[in-house]
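Per-entry structural report
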Amino acid sequence: MCSSNISGRINSIQSLGTLDGPGIRFVVFMQGCNLRCGYCHNPDTWNLQEGSVTTPEELIDKVIRFKSYFGKDGGVTVSGGEPLLQAKFVTEFFKLCHKEGINTCLDTSGSILNSDAKELLNHTDRVLLDIKFTNDNDYKTYTGCSLNTPLLFLEELNCLNIPVTIRQVIVPTLNDSNENILKLKDIVKKYNCIDKIELLPFKKICKVKYDSLGMDFPFDKYETPDSDCFSNLNKILNI
């Protein structure tokens, strides 16, 4: 296999994931993130200079071992961290996936839209896109970027007609209101590329990571939403 002379930094790998896109997936968590979301589950991915160095060729060799488990719906998902920070590496990796007939999925905040990111989208079969909040003030306060940033990314996905799953983590008292979900619904209906919405419950299981890193968990004061809350919000979305 010809070398691309590109390497990337990876935090971890999950060989048989079921929560990161359709079917059973080989999930790669890239190192490095440009945002600082209050509920981030992977603070160990923030520093781009950490992680394990690998090449696209070394990574595809690992993926191929699990190809028989993917079936017709599964494949590879690259998450993070923020994979768009290493878009050139992910592009080369996705090219190799497609040579092997493996479906590619990008899990991203949509916070970067440069030429490298646009090239990566040309080799991406599906995007899992976070729309973390539906007003600009909360976006800037709790993530570090503007709401306009992922919406511009979403415009690009719509132009390319790439299937998109929208995800939002529901945090009680922050975005668990009917108003927020109605705003999310208004956003979604503008884009034909969106074919699925997933509301995810805020959880505190990541606190052990913050403790081990000697860091405060910013969202420790918030509770996990109950099932009645989720049922109501999903009814509003009609999903």
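Below is a short write-up of the structure. (Residues numbered from 1 in each chain as written. Predicted model: local features only at pLDDT ≥ 70, side-chain atom pairs only at ≥ 80, totals over all residues. Heavy atoms only, no water.)

Once that is clear, we can look at unusual backbone geometry. Here the amide bond leading from G80 into G81 is cis, since omega sits at 5°, within 30 degrees of zero. As for its placement among the helices and strands, G81 is situated in the loop between β4 (75–79) and α3 (87–99). Residue N161 is not a glycine yet carries a positive backbone phi of 60°. Topologically, N161 is positioned in the loop between α6 (148–160) and β7 (164–170). N161 sits in the exposed class, given a relative accessible area of 59%. (Helix = DSSP H or I, 4+ residues; strand = E, 2+ residues; numbered from the N terminus. Buried < 20%, exposed > 50% of the residue type's maximum accessible area, 1.4 Å probe, protein only.)

Before going further, it helps to spend a moment on the pairing of β7. Taken across its seven residues, β7 has seven buried, putting it largely inside the fold. Alternating positions in β7 separate into two faces, V164, I166, Q168 and I170 on one and T165, R167 and V169 on the other, with burial throughout. As judged from the four bridges shared by strand β6 (residues 126–130) and β7, these two strands associate in the parallel manner. From the neighbouring strand, L128 faces β7, where its bridge partner is T165. Judged from the seven bridges that link them, β7 and strand β8 (residues 194–201) form a sheet pairing that is parallel. Bridge pairing in β8 links R167 to E198. Crossover connection from β7 via helix α7 (residues 178–188) to parallel β8: handedness right-handed. (Pairing = 2+ DSSP bridges. Right-handed = clockwise from strand over helix to strand, strands pointing away.)

Between α7 and helix α9 (residues 227–237), the shortest axis-to-axis distance is 9 Å and the interhelical angle comes to 35°. Once α7 is placed against α9, the crossing between them reads as right-handed. On the side of α7, the interface is formed by N178, I181, L182 and K185, while α9 contributes N232, L233, I236 and L237. (Axes fitted to C-alpha atoms, helices over the stretch in contact; angles between N-to-C directions. Left-handed = near helix turned anticlockwise from the far one by under 90°. Contact = heavy atoms within 4.5 Å.)

By secondary structure assignment, the location of S111 is in the loop between β5 (103–108) and α4 (115–121). Within the structure, S111 has its side chain in polar contact with the side chain of N34 (distance 3.0 Å). Looking at S111, its side chain comes within polar contact range of the side chain of S109, at 2.8 Å. Aside from chain neighbours lying at most four places away, what touches S111 is N34, L35, E82, L84 and T149. (Polar contact = N/O pair within 3.5 Å; in protein donor to acceptor, adjacent residues only side chain to side chain.)

Here helix α1 (residues 56–64) has its buried residues at P56, E57, L59, I60 and V63. Buried residues of α1, viewed axially, fall in a sector of 160°; they line one side. Buried residues in α1 make contact with β1 (8–17), β2 (25–30), β3 (52–54), α2 (67–70), β4 and α3. (Arc of directions from axis to C-beta.)

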